[in-house]
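# A look at the structure
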Amino acid sequence: MEQVFTYTACRQLSQMFVAMIFFHVSEYILAASIHGKTNVTLKSLLISKNYLVAMIFSLLEYFVEIILFPGLKEHWWVSNSGLAMVIIGEIIRKMAIITAGRSFTHLIRTHPSEHHQLVTNGIYRVVRHPGYCGFFIWSVGTQIMLCNPISTIAFALVVWRFFEQRIPYEEFYLRQFFGSQYEEYGRWVPSGVPFVK
């Protein structure tokens, strides 16, 4: 048991739990402060069954590998790169939420709202979907931080696939709401998720 709870394991796992708690609590607090507490549900914590399964799998991988291949977890430069990705992803996502304000929601709008406007300033000047970009970087970064090779690849593929399907669906409605203004914006600003136009 001593072998499992080494300094490295305690450091990596504590960073993981702090990253997860900060991400979800700050999502909820921002949503409540922007949209009002009565308009926010627990869905604003962004915790789904699939998300929990993925996180549990990543922890299982971590413990199996630290027992069978403890040296795999000792690559500090890899772990620190993952930590940097977590911080960068968090900053990008929170900048997206704060910049968009009431136009940012966790659920895709399928009907126009009086508060919904096309946001093209701040981080949106550089990336069309900075919330997705930030989450992609954050989620893959959590697994690199844990030095989890299987979960790193799995998270990258699954999260990418999710956004590869979600972005066109969301942009269909954005084109409906904003017409040629969104078309022009989409032509010049990348989505922020690799290989997703």
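Conventions adopted
- Position labels on residues start from 1 in each chain and follow its written sequence.
- Selection of residues for local features in this predicted model requires a pLDDT of at least 70, selection of side-chain atom pairs for listing and counting requires 80 or more, and totals for whole chains, interfaces and linings are taken over all residues.
- Think of the side-chain values as coming from all heavy atoms in the structure, minus any hydrogens and water.
- By definition, any uninterrupted DSSP run of H or I lasting at least four residues is a helix, any uninterrupted run of E lasting at least two residues is a strand, and each is numbered from the N terminus.
- Restricting the calculation to C-alpha atoms gives the radius of gyration, and the globule rule supplies 2.2 Å times the number of residues raised to the power 0.38.
- Throughout, exposure labels follow a simple rule: accessible area from a 1.4 Å probe, protein chains only, divided by the maximum for the residue type, with under 20% read as buried, over 50% as exposed, and the rest as partly exposed.
- By the convention used here, residues are in contact when the closest approach between their heavy atoms is within 4.5 Å.
- In short, Shrake-Rupley with a 1.4 Å probe defines the accessible areas, and a residue's cover is counted only from the protein chains shown.
- Think of it this way: Lys and Arg go in the positive column, Asp and Glu in the negative one, and His and the chain ends go nowhere.
- We put the charge of a Lys on NZ, of an Arg on CZ, of an Asp on CG and of a Glu on CD.
- The span you would expect from a helix comes to 1.5 Å times its residue count less one.
- Residues enter a nonpolar core if they are buried and are Ala, Val, Leu, Ile, Met, Phe, Trp, Tyr or Cys, with the set joined through side-chain atoms within 4.5 Å.

## Some words on the overall build of the protein
A count of helical and extended segments in the protein gives six helices and zero strands. Taken over C-alpha atoms, the radius of gyration comes to 18 Å for the protein, in line with the 16 Å a tight globule of 197 residues would show. Along the first, second and third principal axes, the C-alpha set of the protein runs to 60 × 35 × 25 Å. Across the 197 residues of the protein, 45% fall into the buried class. Taking as baseline every contact in the protein between residues at least 6 positions apart, the subset at least 24 positions apart corresponds to 79%. Surface summary for the protein: the accessible area is close to 11100 Å², and the carbon and sulfur share equals 70%. Side-chain charges in the protein split into 16 positive and 12 negative, and the spacing between the mean points of these groups amounts to 7 Å.

## Remarks on helix H4 (residues 130-145)
For an α-helix the count is 3.6 residues per turn, leaving residues at separations of three or four pointing the same way. In a regular helix each residue adds 1.5 Å, so 16 residues correspond to 22 Å; H4 covers 21 Å between its end C-alpha atoms and thus fits that length. Where H4 ends, the next residue or the one after it, Cys147, has phi of about 55 degrees, a positive value.

## Things to note about the nonpolar core
Counting 27 residues, the largest nonpolar core has Met55, Phe135, Trp138 and Phe163 as the members making the most contacts within it. Listed by contribution, the elements that provide at least two residues to this core are helix H1 (7-35), helix H2 (49-68), H4 and helix H5 (149-178). No other element matches H4, which puts seven residues into this core. With 17 residues, the next largest nonpolar core counts Phe104, Tyr124, Leu174 and Tyr182 among its residues.

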